[in-house]
Amino acid sequence: MPPRKKKAKKARNRRAVDASSSGRHPLSAGQWFEKLVALQTRLRSPNGCPWDREQTHSSLRTYLIEEAYEVLDALESGDDAKFAEEMGDLLLQIVFHSQIAREEGRFTVADVIREVHEKMVRRHPHVFGAKRAKDAAEVLKNWEQIKAEERRAKGIIQTEAGDESKSLMTGVPRGLPAALEGYQLTRRAARIGFDWDDVNGIFEKIQEEGAEVRHALGAMEPSRIEGEIGDLLFAAINLARFVNVDPEIALKKANAKFVKRFRAMERLAESNGRNLAQVPRAEMESLWETVKRYERGAAANAANEAAGKK
């Protein structure tokens, strides 16, 4: 990003912070929250917004997921004003769902806040109680134990698969994207010590799974190929988790990088009067490498410029 644009973004971020901390918006967070709840109540009222009145928990599912991802994009952008805006959009989804539930006589937004407040106090006995935790790892281990106790207190649910409520794996939503679900599952297992000793073991597992994929491809068994590729991806997710990288976010960034490079390839081809689809495969590879070299050069120049400013 050019220096002038960086300065403009920083100035905009400072203005957003200054506006929120100055006398322009003197209301407290609680007061603003009450105004937001009242606003959503009015939108759902008979004289409110037709679109808002038509929404259900089911129809809003897509928006909830989209807003969560937009928060992540805004976080990565470094634009504080955008980050705050997208966090507000996500908060609105919580208020929206709570309003629908209140109308149905199920629960209110106050119940939502009370539940999470009580849960956080309950799961932090090393802060709000007499229990002590020497490090973050012990905090996470205690957290899982407390969650298991909470599930038992709510009642044991018997299913055909057995007593699932006692399992550490219970509670990971199956509706999560596969990479995020794998991340959550392996993270839970690691919290009680079921983990690799070091990263070398995971690399060996990835090599092992890669070899099994090759064997499955040779056997030409579609179901086995699918299973082995799944095992390979799961091993890669475990590697990401082990080195403290969220695989879902990492993959989203890799997707964005691929799209950016592919579009650059298209532009290079168009600059020579051709459509990328008409370019021979070997030349496509050459264009790809050209784009990568340009990215590395741009990154090096940016690093040198930053170092010079220091």
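Residues numbered from 1 in each chain as written. Predicted model: local features only at pLDDT ≥ 70, side-chain atom pairs only at ≥ 80, totals over all residues. Heavy atoms only, no water.

Participant: Talk me through helix α8 (residues 136-153); I want residue IDs and the actual numbers.
Facilitator: Since there are 3.6 residues in each turn of an α-helix, residues three or four apart along the chain are aligned in direction. Between its first and last C-alpha, α8 extends 26 Å over 18 residues, near the 26 Å set by a 1.5 Å rise per residue. Inspection of α8 places Val-139, Asn-142, Trp-143, Glu-144, Ile-146, Lys-147, Ala-148, Glu-150 and Arg-151 among the buried residues, and these make up the whole buried set. The inward-facing, buried residues of α8 abut α6 (109-122), α7 (125-128) and α9 (178-191). Two to three positions downstream of the cap, the backbone nitrogen of Ala-137 sits 3.3 Å from a side-chain oxygen, assigning the N-cap of α8 to Asp-135. (Helix = DSSP H or I, 4+ residues; strand = E, 2+ residues; numbered from the N terminus. Expected span 1.5 Å × (residues − 1). Buried < 20%, exposed > 50% of the residue type's maximum accessible area, 1.4 Å probe, protein only. Contact = heavy atoms within 4.5 Å. Polar contact = N/O pair within 3.5 Å; in protein donor to acceptor, adjacent residues only side chain to side chain.)

Participant: Please provide a residue-by-residue account of the nonpolar core, values included.
Facilitator: Buried together is how nonpolar side chains tend to be arranged in soluble globular proteins. Membership of the largest hydrophobic core is limited to 8 residues, which are Ala-264, Met-265, Ala-269, Leu-276, Val-279, Leu-287, Trp-288 and Val-291. Only α12 (247-271) and α13 (281-309) provide two or more residues apiece to this core. Apart from residues lying up to four places away in sequence, Trp-288 is in contact with Phe-258, Arg-261, Phe-262 and Met-265. (Core = buried A, V, L, I, M, F, W, Y, C linked by side-chain atoms within 4.5 Å.)

Participant: Provide a residue-level description of the packing of aromatic side chains, including the pertinent values.
Facilitator: Aromatic rings in a pair are described by how distant their centres are and how their planes are angled relative to each other. Following the criterion strictly, the structure yields 4 aromatic pairs and no others. Judged by centre distance (5.8 Å) and plane angle (80 degrees), the ring pair of Trp-51 and Tyr-63 falls under edge-to-face. Placement of Trp-51 in helix α3 (residues 50-54) and of Tyr-63 in helix α4 (residues 61-77) is noted, with a sequence separation of 12 residues between them. Look at Trp-51 and you get partly exposed, because its relative accessible area is 38%. Taken together, the ring pairs in this structure connect Trp-51, Tyr-63 and Phe-96 into an aromatic cluster. (Phe/Tyr/Trp six-rings, centres within 6.5 Å; stacked < 30°, edge-to-face > 60°.)

Participant: Describe in detail the packing of α9 against helix α11 (residues 222-242), supporting the description with residues and values.
Facilitator: As a packed pair, α9 and α11 sit with axes 9 Å apart at the nearest point and diverge in direction by 60 degrees. Here α11 runs oblique to α9, going by the angle between their axes. In this structure, α9 crosses over α11, and the sense of that crossing is right-handed. Contacts from Ala-178, Ala-179, Gly-182, Tyr-183, Thr-186, Arg-187 and Ala-190 in α9 reach Phe-234, Ile-237, Asn-238 and Arg-241 in α11. Looking at side-chain class alone, the contact of α9 with α11 contains 6 nonpolar, 3 polar and 2 charged residues. (Axes fitted to C-alpha atoms, helices over the stretch in contact; angles between N-to-C directions. Parallel < 35°, antiparallel > 145°, perpendicular 65-115°, else oblique. Left-handed = near helix turned anticlockwise from the far one by under 90°. Nonpolar A, V, L, I, M, F, W, Y, C, P; charged D, E, K, R; others polar.)

Participant: Can you lay out the pattern of salt bridges for me, pointing to particular residues and giving the numbers?
Facilitator: Counted under the stated rule, the structure contains 18 salt bridges. For Lys-205, the salt bridge is made with Glu-209, and the minimal N-O distance between the two is 3.2 Å. Here Lys-205 and its partner Glu-209 are both found in helix α10 (residues 199-219), 4 residues apart, which amounts to about one turn of the helix. Taking relative accessible area as the criterion, Lys-205 reaches 26% and is therefore assigned partly exposed. Owing to a relative accessible area of 5%, Glu-209 belongs among the buried residues under this scheme. In this structure, the salt-bridge partner of Glu-295 is Arg-261, at a minimum N-O distance of 2.8 Å. Note that Glu-295 is positioned in helix α13 and Arg-261 in helix α12, a separation of 34 residues in sequence. Salt bridges sharing partners connect three or more residues here, namely Asp-111, Arg-114, Glu-115 and Glu-118. (Salt bridge = Lys/Arg side-chain N within 4 Å of Asp/Glu carboxyl O.)

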